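One letter stands for each residue in the lines below.
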Amino acid sequence: MIACEKCNSVMEQRNVTPCALCGAKESEIKKFLNDELRFRRVSVLGERIVLCVSCTSKIMSYHPESLGIPGGSMEDIVEIGDEVTAKRKQEIIDFVCGKCIETRAWQKTRQKIRDKSHG
Ligand SMILES: [Zn+2]
Ligand SMILES: [Zn+2]
């Protein structure tokens, strides 16, 4: 059993999109299946993730503190890389918290970012 690190609910396996941030949202999964989303490789404090284009802009508006990074600005922490060119849609399954609508992939990444910034 995998528990959500935020609310401790049991996480269930679900279809997700490649986006670490919004990949668990039903509306995004629909768009993904309709080929309406584009994704970029992004590195946050050296942790590589994939984000959809709108989350790529969204993460730049975050306060570093919300990711456990003391001070600085997101421009110093985030590197935006190439577009992900997925030739065909593949099914991606991850553990999702139905309450927080967060994927296990993102929770793990956030934990690593926190560990790094306090290491
Ligand atoms: Zn949760
Ligand atoms: Zn997204």
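Structure: see above.
What comes next is a walk through the structure.

Analysis parameters
- Residues numbered from 1 in each chain as written.
- Chains lettered and ligands numbered in written order.
- Predicted model: local features only at pLDDT ≥ 70, side-chain atom pairs only at ≥ 80, totals over all residues.
- Helix = DSSP H or I, 4+ residues; strand = E, 2+ residues; numbered from the N terminus.
- Expected span 1.5 Å × (residues − 1).
- Contact = placed C-beta atoms within 7 Å.
- Core = buried A, V, L, I, M, F, W, Y, C linked by C-beta atoms within 7 Å.
- Buried ≥ 20, exposed ≤ 12 C-beta atoms within 10 Å, placed from the backbone.
- Pairing = 2+ DSSP bridges.

The next point concerns helix H4 (residues 104-118). With 15 residues, H4 should reach 21 Å at 1.5 Å per residue; the first-to-last C-alpha distance of 21 Å fits that figure. Contact partners of the buried residues in H4: strand S2 (39-44), strand S3 (47-52), strand S5 (92-97) and strand S6 (102-103).

For the rest of this paragraph, the subject is the environment of Leu51. Along the polypeptide, Leu51 turns up in strand S3. When near neighbours in sequence (up to four residues on either side) are disregarded, Leu51 contacts Cys19, Ala20, Leu21, Phe39, Arg40, Val42, Thr56 and Ile59.

This next bit is on the nonpolar core. By size, the foremost hydrophobic cluster in this structure holds 20 residues, and its most contacted members are Cys19, Ala20, Leu21, Leu51 and Cys52. Within the residue set of this core, elements represented by two or more residues are S2, S3 and H4.

A few words now on the sheet that holds strand S1 (residues 12-16). Sheet architecture is open: three strands sit in the order S1-S5-S6, paired in antiparallel fashion. Looking along the sheet, the strands with just one partner apiece sit at the ends: S1 and S6. In terms of strand pairing, S1 meets S5 through five bridges, oriented antiparallel. The partner of Asn15 across the bridge, within S5, is Ile93.

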